[in-house]
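# Report on the structure
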Amino acid sequence: ETGVTQTPRHLVMGMTNKKSLKCEQHLGHNAMYWYKQSAKKPLELMFVYSLEERVENNSVPSRFSPECPNSSHLFLHLHTLQPEDSALYLCASSHETGSWGGSGANVLTFGAGSRLTVL
Amino acid sequence: LAKTTQPISMDSYEGQEVNITCSHNNIATNDYITWYQQFPSQGPRFIIQGYKTKVTNEVASLFIPADRKSSTLSLPRVSLSDTAVYYCLVAPRRSSSNTGKLIFGQGTTLQVKP
């Protein structure tokens with residue numbers, strides 16, 4: 001258990017379904033991220049929220065819609081997906097600024113991921 | 001953002017020391033080097049971070065030469081459970097303007113054999 005919890009762990013959906021992925025962190029972090037990892041490919045950064053505001057959207061199709069209602073929760077709403085969207089979706093969080101005892105670059109804490117299969 | 005280059009794969013045997021080198025020729029003055037480990041169907045896990053010279057923790061050591069254009073992750077006495085993908089990232093010091101600049105490359109797949 002990393003402190004970042006993702007649900008569901010596995011999801012199968014049809015192309016016309018609407019579903020949501022949920023991420024919750026209990027680490028007191030103030031930045032949250034969605035990454036996509038397809039088979040044999042590197043992680044792709046999708047969205048970043050800092051202090052509950054979206055600061056990064058890496059040209060992600062509109063069928064993926066993120067929501068960050070507070071600093072502890074992050075959602076990824078899925079609608080009209082394509083089979084090529086099947087992948088492992090990873091949520092991460094970090095302490096963007098402020099004191100945590102050291103300087104350095106952001107360190108991400110990842111959840112275990114949600115394995116999505118689109119039929 | 002500084003681009004990183006790592007070997008795609010490496011093989012080792014149990015009990016050996018493994019060194020994985022990452023090249024980052026365009027690293028900026030404000031950049032730090034971070035390594036993550038990822039097991040299949042799990043999220044990456046932070047291993048170690050450094051800026052220069054040598055950093056050591058209970059898991060690994062990170063060697064960074066004076067020019068900082070490369071770094072080497074050293075795993076002492078690997079076991080089968082160290083089989084994973086290892087990612088090298090270069091990213092600037094934390095600030096509100098740098099949030100999100102954390103790009104993963106292909107990583108190095110380490111296979112530890114008995």
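Everything discussed here concerns the structure shown above.
Just so you know, these numbers come straight off a predicted model, no measurement behind them.

What follows deals with the overall build of chain A. The helix and strand tally for chain A stands at 0 helices and 11 strands. If you list the helices and strands of chain A from N to C, you get β-β-β-β-β-β-β-β-β-β-β. Computed over C-alpha atoms, the radius of gyration of chain A comes to 14 Å, within 12% of the 14 Å expected from 2.2 N^0.38 for 119 residues, which places it in the range of a compact globule. Of all intrachain contacts in chain A linking residues separated by at least 6 positions in sequence, the fraction that spans at least 24 positions is 57%. Summing over all exposed atoms, chain A offers an accessible surface of approximately 5500 Å²; the carbon and sulfur share of this is 50%. Averaging the positions of the 10 positive and the 10 negative side-chain charges in chain A gives two centres separated by 11 Å.

So, about the interface of chain A and chain B. One widely used convention gives an interface's size as the accessible area the parts lose upon coming together. Counting residues at the interface gives 31 residues for chain A and 23 residues for chain B. Taken together, the two surfaces of chain A and chain B that pack against each other cover about 2200 Å², and 54% of this comes from carbon and sulfur. Counting the surface chain A buries against chain B, the share from its top three residues, A:E96, A:A105 and A:N106, is 22%. Between chain A and chain B we count 0 salt bridges in total. Our count for the contact surface shared by chain A and chain B stands at 5 residue pairs in polar contact (both at pLDDT 80 or more). Secondary-structure elements contributing two or more residues to the side of chain A that touches chain B are strand 4 (31-37), strand 5 (44-50), strand 6 (53-57) and strand 9 (87-94) of chain A.

Moving on, we come to the side chain of B:Q49. Among the secondary structure elements, B:Q49 is positioned in strand 4 (residues 45-50). At 2.8 Å, the side chain of B:Q49 forms a polar contact with the side chain of B:T34.

Its place among the elements puts A:V55 in strand 6. Residues A:V55 and A:V118, spaced 63 residues apart in sequence, show a C-alpha to C-alpha distance of 28 Å.

Residue and element names in this part refer to chain A. With 22 residues, the main nonpolar core has W34, F64, L76 and L78 as its most contacted residues. Sorting the residues of this core by element identifies strand 2 (10-13), strand 3 (18-25), strand 4, strand 5, strand 7 (64-70), strand 8 (73-79), strand 9 and strand 11 (114-118) as the ones contributing at least two each. The residues touching F64, leaving out its near neighbours within four places in the chain, are M46, F47, L76, H77, L78, L81, D85 and Y89.

Attention shifts here to the state of the cysteines. Simply put, disulfide is the name for a covalent bond between the sulfur atoms of two cysteines. Tallied over the entire structure, the rule returns 2 disulfides over all chains. Between the sulfur of A:C23 and that of A:C91 lies a disulfide, 1.9 Å long from S to S. Its torsion about the S-S bond being -75 degrees, the disulfide of A:C23 and A:C91 is classed as left-handed. Of this pair, A:C23 sits in strand 3 while A:C91 is found in strand 9, placing the two residues 68 residues apart along the sequence. When sorted by exposure, A:C23 lands in the same class as A:C91, which is buried. Here B:C22 connects covalently by a disulfide to B:C88, the sulfurs 2.2 Å from one another. The disulfide joining B:C22 to B:C88 has a torsion of about -80 degrees about its S-S bond and is therefore left-handed. With B:C22 in strand 2 (residues 18-23) and B:C88 in strand 8 (residues 84-92), the pair connects residues that are 66 residues apart, well separated along the chain. Like B:C88, B:C22 is buried. Free cysteine A:C68: the closest other cysteine sulfur is in A:C91, separated by 9.0 Å.

Definitions and limits used
Residues numbered from 1 in each chain as written. Chains lettered and ligands numbered in written order. Predicted model: local features only at pLDDT ≥ 70, side-chain atom pairs only at ≥ 80, totals over all residues. Heavy atoms only, no water. Helix = DSSP H or I, 4+ residues; strand = E, 2+ residues; numbered from the N terminus. Rg over C-alpha atoms; globule rule 2.2 N^0.38 Å. Contact = heavy atoms within 4.5 Å. Areas by Shrake-Rupley, 256 points an atom, 1.4 Å probe, with all protein chains shown as cover. Lys, Arg positive; Asp, Glu negative; His and termini not counted. Charge placed at Lys NZ, Arg CZ, Asp CG, Glu CD. Buried area = accessible area lost by both parts, 1.4 Å probe. Salt bridge = Lys/Arg side-chain N within 4 Å of Asp/Glu carboxyl O. Polar contact = N/O pair within 3.5 Å; in protein donor to acceptor, adjacent residues only side chain to side chain. Core = buried A, V, L, I, M, F, W, Y, C linked by side-chain atoms within 4.5 Å. Buried < 20%, exposed > 50% of the residue type's maximum accessible area, 1.4 Å probe, protein only. Disulfide = S-S within 2.5 Å.

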